[in-house]
Amino acid sequence: MDDPSPFARFGERTASLLEKWQQLNHRSLTPVDWLDAGGSGALLVSVFVQDRDPKKTKRRMIIKLCSPGGESSMEPGRLNSARMSLPLGDGSFTRDHLVEHLYDPMPVDDAWLMFQGLAGNGTDMVTLSTILRQQRLPGVAAEIVRSLLTHWNPDEHADGAMTAAGFVGELLDRRLEPDGPLAYWVRNALGLALDTPWIRLARRGSAPLPNPVHLGAGCALAGGVVSYPVRGRAHGDLHPGNIMVPADLKANAKHYVLIDLSRFDERALLARDPVHLLLCLVADFLPHLSDDARDELLDLLVGRQTPGLLIPQGLQWTVDRIRQAPDGWLADRDISGEWRGQWMLSMQACALMFTARVRYDARDRWWFFRLAAEAAAEYLRAIGAYEPEETVFVQGPPASVTGAPTAIVVPGQATPVESVSDGAPAATPTVAEGVGREPILALLLDAREHLGLRLDRLRAQTAGSVSSETLQAIRQRTTYAHREIAARLDAAHHVLDEGTRDSVGAVLERLAHVTAMVDEPGFSPEQPSFLRDLAHRALIMAMDQLLGSVHEAVRGMDGPSGSWIDRV
């Protein structure tokens with residue numbers, strides 16, 4: 001049997017093209033490590049490239065297979081734009097902190113294969129996502145934010161005043177479309193109409209809050225004016241998987257490199273990148289926090305006084321350091337007051353971005369929705385425009401709150417706060433507990449997201465050496481999905497058409513098949529390598545087929561156009 005290509009994870013066609021590329025250009029590639037792409041759908045591998053000309057220097061390079069379509073199709077051009085956009089004509093930031101095209105990008109069907117070099121040869125660089133548990137994280141993250149403003153944007157500008165609602169709406173862009181995943185979740189998981197002006201969370205002592213997704217006519221933010229919306233160069237998707245930092249714990253925090261410039265914009269609202277990076281780091285801690293700690297963290301993020309006794313020290317430092325990072329840049333400008341308001345509006349917008357992401361569970365998405373609403377309220381208080389009107393109570397999804405009041409919202413109906421009490425029976429079933437296609441669709445989307453990530457990890461492992469942790473994670477997710485989907489399908493059997501029942505039934509069969517496959521004896525370390533290799537390949541194929549069934553079932557339930565599932 002021929003040895004598999006070291007680039008097999010890219011797929012057979014791409015791996016074959018890379019082999020031909022090496023032969024035609026007299027270069028050899030030695031894979032070093034596959035990199036975290038942050039859930040973008042792209043695949044990245046760090047390699048050494050060596051020309052056969054002995055005079056050429058061996059150097060580190062990142063090979064990236066962009067995900068097809070969308071923003072990724074414009075990444076090669078936008079990287080060129082980012083490198084040509086020089087702050088005050090100075091190219092030092094570009095040289096030190098942006099990847100470069102070492103060789104021309106190669107088209108692969110409807111995607112691009114890119115060959116990118118790192119500043120300083122990148123011989124010891126890892127993604128920021130790999131240091132999330134290291135003591136240096138707060139300082140490194142803060143230095144990146146400081147540098148993005150001070151060195152990449154010494155020539156910031158503004159195009160004119162805009163409303164606060166327009167500011168948030170520009171950051172969210174298409175995410176607030178009525179058929180998009182954010183609107184769908186707010187309507188169906190929270191039972192909240194998108195144009196409800198004011199809400200009150202079903203929690204003791206909850207004050208009225210502006211509905212953070214209501215940005216149209218008559219919304220609370222429409223009267224707020226951002227007189228100097230600070231604009232400049234922005235990455236556009238700043239998360240830990242898109243930042244390379246030195247692997248050496250003692251290395252200078254100033255040595256970082258930005259990758260994936262597919263959303264670069266030299267006229268972007270500058271408050272977005274720092275806030276989005278901050279919330280990415282917060283999201284990593286969030287699953288480990290109690291409800292009380294989450295409340296303290298929310299207060300900290302919107303600038304309220306909090307004892308902070310329940311917030312992990314490293315997280316507290318990270319929030320504080322990133323929030324203080326722009327101070328030096330602001331000291332040379334008379335926009336500190338403006339910046340504080342734009343930071344809070346960016347907090348609202350970025351929190352809603354996380355609310356829309358199905359990779360997070362209901363409890364986390366509900367917390368981000370609360371953060372968005374509280375950030376909007378703090379902005380209104382700061383400008384003296386906090387003027388609540390009649391409120392609608394909003395209860396988070398049942399899986400999102402432990403020990404919280406269980407009163408259920410009737411959309412459009414205001415309820416006095418005194419009527420909400422601990423232990424009160426639900427007035428009506430929530431979406432997740434209801435009967436119909438929506439609960440099943442939500443579970444299918446959740447399965448597609450989580451099992452897709454697990455399939456990526458499975459493919460990343462060397463054939464024949466699948467870790468027990470990977471197998472256990474797959475088993476847990478498929479078992480959970482089968483149990484929950486089967487229960488909802490049984491409850492909704494009489495209201496679903498035959499085609500929907502059949503497509504969901506096919507998903508259940510494939511879930512059961514994958515669950516059984518992870519217990520195949522071929523995965524045992526005692527088995528010969530060829531049997532372990534066969535079991536590995538068979539599981540990858542089974543999970544591919546499962547995700548195909550999930551995709552077809554979702555498309556069938558979402559309508560013939562597949563209106564929003566591909567934008568999650």
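Coordinates for the structure precede this section.
In this report, we go over the structure that sits alongside the text. Quick caveat: nothing in here was measured; it's all calculated off a predicted structure.

Calculation rules
- Note on numbering: residues in each chain are counted from 1, in written sequence order.
- Confidence filtering applies because this is a predicted model: local features only for residues at pLDDT of at least 70, side-chain atom pairs given and counted only at 80 or more, and all residues used for totals across whole chains, interfaces and linings.
- Calculated side-chain values reflect all of the structure's heavy atoms, with hydrogen atoms and water omitted.
- The helix count covers DSSP runs of H or I at least four residues long, the strand count covers runs of E at least two residues long, and both are numbered beginning at the N terminus.
- A contact between two residues is defined here by any heavy atoms of the two lying within 4.5 Å.
- Each accessible area value is a Shrake-Rupley result obtained with a 1.4 Å probe; residue values ignore everything except the protein chains displayed when judging cover.
- Only strands that DSSP links by at least two bridges are regarded as paired with each other.
- Angles shown run from 0 to 180 degrees and are taken between the N-to-C directions of axes, each axis being a line fitted to C-alpha atoms and, for helices, limited to the stretch in contact.
- Relative accessible area decides the class of each residue, using a 1.4 Å probe on protein chains only: under 20% of the type maximum gives buried, over 50% gives exposed, and in between gives partly exposed.
- For classification purposes, an angle smaller than 35 degrees is called roughly parallel, one larger than 145 roughly antiparallel, one from 65 to 115 roughly perpendicular, and anything else oblique.
- For any helix crossing, the convention is left-handed if the near helix is rotated counterclockwise from the far helix by under a right angle, and right-handed if that rotation is clockwise.
- Ten residues, namely Ala, Val, Leu, Ile, Met, Phe, Trp, Tyr, Cys and Pro, are considered nonpolar, four, namely Asp, Glu, Lys and Arg, are considered charged, and the remaining ones, Gly among them, are considered polar.
- A patch is a set of surface residues, each over 30% in relative accessible area and not in a salt bridge, joined within 9 Å for like charges and within 5 Å for the nonpolar side chains Val, Leu, Ile, Met, Phe, Trp and Tyr.
- We count a salt bridge whenever a side-chain nitrogen from Lys or Arg sits within 4 Å of a carboxyl oxygen from Asp or Glu.
- We call Phe, Tyr and Trp rings a pair once their centres come within 6.5 Å, taking the six-membered ring for Trp, and we label the pair stacked below 30 degrees between planes, edge-to-face above 60, and tilted otherwise.
- Working rule: Lys NZ or Arg CZ, within 6 Å of ring centre, within 35 degrees of ring normal, means a charge sits over the ring.
- To estimate how far a helix should extend, the number of its residues minus one is multiplied by 1.5 Å.
- Two N or O atoms form a polar contact when they lie within 3.5 Å of each other; inside protein one atom must be a possible hydrogen donor and the other a possible acceptor, and for residues adjacent in sequence the pair counts only when both atoms belong to side chains.

## What about the overall build of the protein chain?
Inference 1: Counting its secondary structure elements, the protein chain contains 16 helices and 15 strands.
Inference 2: Sequence-distant contacts, at least 24 apart, represent 70% of the contacts inside the protein chain between residues at least 6 apart.
Inference 3: Summing over all exposed atoms, the protein chain offers an accessible surface of approximately 24800 Å²; the carbon and sulfur share of this is 51%.

## Some details on the sheet that holds strand β15 (residues 391-394)
Inference 1: Taken in spatial order, the three strands line up as β9-β8-β15 in an open sheet, and their pairing is mixed. Two strands close off the open sheet at either side, each with one partner strand: β9 (209-210) and β15.

## With respect to the sheet that holds strand β5 (residues 111-117)
Inference 1: Read across the open sheet, the five strands follow the order β1-β2-β3-β5-β4; overall the sheet is antiparallel. The sheet is open, and its two borders are formed by β1 (27-35) and β4 (100-108), each paired with just one other strand. In this sheet, adjacent strand axes meet at a mean angle of 25° when their direction is disregarded.
Inference 2: Sheet topology places β1 next to strand β2 (residues 43-51); eight bridges connect them, and they run antiparallel. Paired with L29 across the bridge in β2 is V49.
Inference 3: The sheet strands contacting helix α1 (residues 12-25) are β1, β2, β3 (59-65), β4 and β5, and the helix crosses β1 at an angle near 145°.

## Structural notes on the pairing of strand β8 (residues 198-201)
Consecutive residues of a regular strand have side chains that alternate between opposite faces of the sheet.
Inference 1: Here β8 shows two buried faces, one formed by W198 and R200 and the other by I199 and L201.
Inference 2: Here two bridges tie β8 to β9, and the two strands are oriented antiparallel to one another. Paired with W198 across the strands is P210, a residue of β9.
Inference 3: Bridge count for β8 against β15 is four bridges, and the pairing is parallel. Note on β15: the bridge partner recorded for I199 is V392.

## Concerning the packing of helix α7 (residues 272-285) against helix α11 (residues 336-355)
Inference 1: Contact geometry of α7 with α11 gives a least axis separation of 9 Å together with a crossing angle of 50°. Overall, the two elements α7 and α11 adopt an arrangement that is oblique. When you trace α7 past α11, the crossing you get is right-handed. Residue-level inspection shows R272, P274, V275, H276, L278, L279, C280 and A283 of α7 in contact with α11, the latter providing W343, S346, M347, C350, A351, M353 and F354.
Inference 2: Its residues placed into classes, the contact of α7 with α11 shows twelve nonpolar, two polar and one charged.

## Details of the pairing of strand β12 (residues 243-246)
Inference 1: In this structure, strand β6 (residues 125-127) lies alongside β12, joined through three bridges in antiparallel fashion. Residue pairing in the sheet places V126 in a bridge with V245 of β12.
Inference 2: Both β12 and strand β13 (residues 257-258) contribute to a ladder of two bridges, which runs antiparallel. Bridging across to β13, I243 finds its partner in L258.

## Here we look at a nonpolar patch on the surface
Inference 1: On the surface, a cluster of nonpolar side chains totalling about 280 Å² of accessible area is made up of F530, L531 and L534.
Inference 2: In this fold, F530 is placed in helix α16 (residues 529-558).

## Thoughts on the pattern of salt bridges
Inference 1: Tallied over the full model, the rule gives 24 salt bridges.
Inference 2: Of the charged contacts in the structure, one is a salt bridge between E75 and K64, with a shortest N-O distance of 2.9 Å. Taken together, the residues E75 in helix α2 (residues 75-84) and K64 in strand β3 connect sequence positions eleven residues apart. Judged on exposure class, the residue E75 and its partner K64 are both buried.

## Quick word on the side chain of E378
Inference 1: Examined against the element boundaries, E378 turns out to sit in helix α12 (residues 362-382).
Inference 2: Residue class for E378 comes out buried when judged on its relative accessible area of 16%.
Inference 3: Leave out the neighbours within four places in its chain, and E378 touches V302, R304 and M344.

## Structural notes on the packing of aromatic side chains
Note on aromatic pairs: each is described by the distance of the centres and the angle between the planes.
Inference 1: Tallying each qualifying case throughout the model produces 15 aromatic pairs.
Inference 2: Ring plane angle 35° and centroid distance 5.8 Å describe the contact between F354 and Y360, whose orientation is recorded as tilted.
Inference 3: Residue class for F354 comes out buried when judged on its relative accessible area of 0%.
Inference 4: Residue classification places Y360 among the buried residues on the basis of a relative accessible area of 18%.
Inference 5: Their ring planes at 15° and their centres at 6.0 Å tell us that W366 and F369 sit as a pair that is stacked. Placement of both W366 and F369 in helix α12 is noted, with a separation of three residues, approximately one turn of the helix. With respect to class, W366 is no different from F369; both count as buried.
Inference 6: Through a chain of ring-to-ring contacts, three or more aromatic side chains come together here, namely F354, Y360, W367 and F368.
Inference 7: If you follow R381 out to its NZ or CZ, it ends over the ring of Y386, 4.3 Å from the centre.

## Some remarks on helix α14 (residues 468-491)
Inference 1: The first and last C-alpha atoms of α14 sit 35 Å apart over 24 residues, in line with the 34 Å expected at 1.5 Å per residue.
Inference 2: Within the sequence span of α14, burial applies to T470, L471, I474, R477, T478, A481, E484, I485 and L489.

## Some thoughts on the side chain of D260
Inference 1: Summarising the element assignment, D260 is placed in the loop between β13 and β14 (265-269).
Inference 2: Separated by 3.3 Å, the side chains of D260 and K64 make a polar contact.
Inference 3: With residues near it in sequence (within four places) discarded, D260 still touches K64, E75, H235 and N242.

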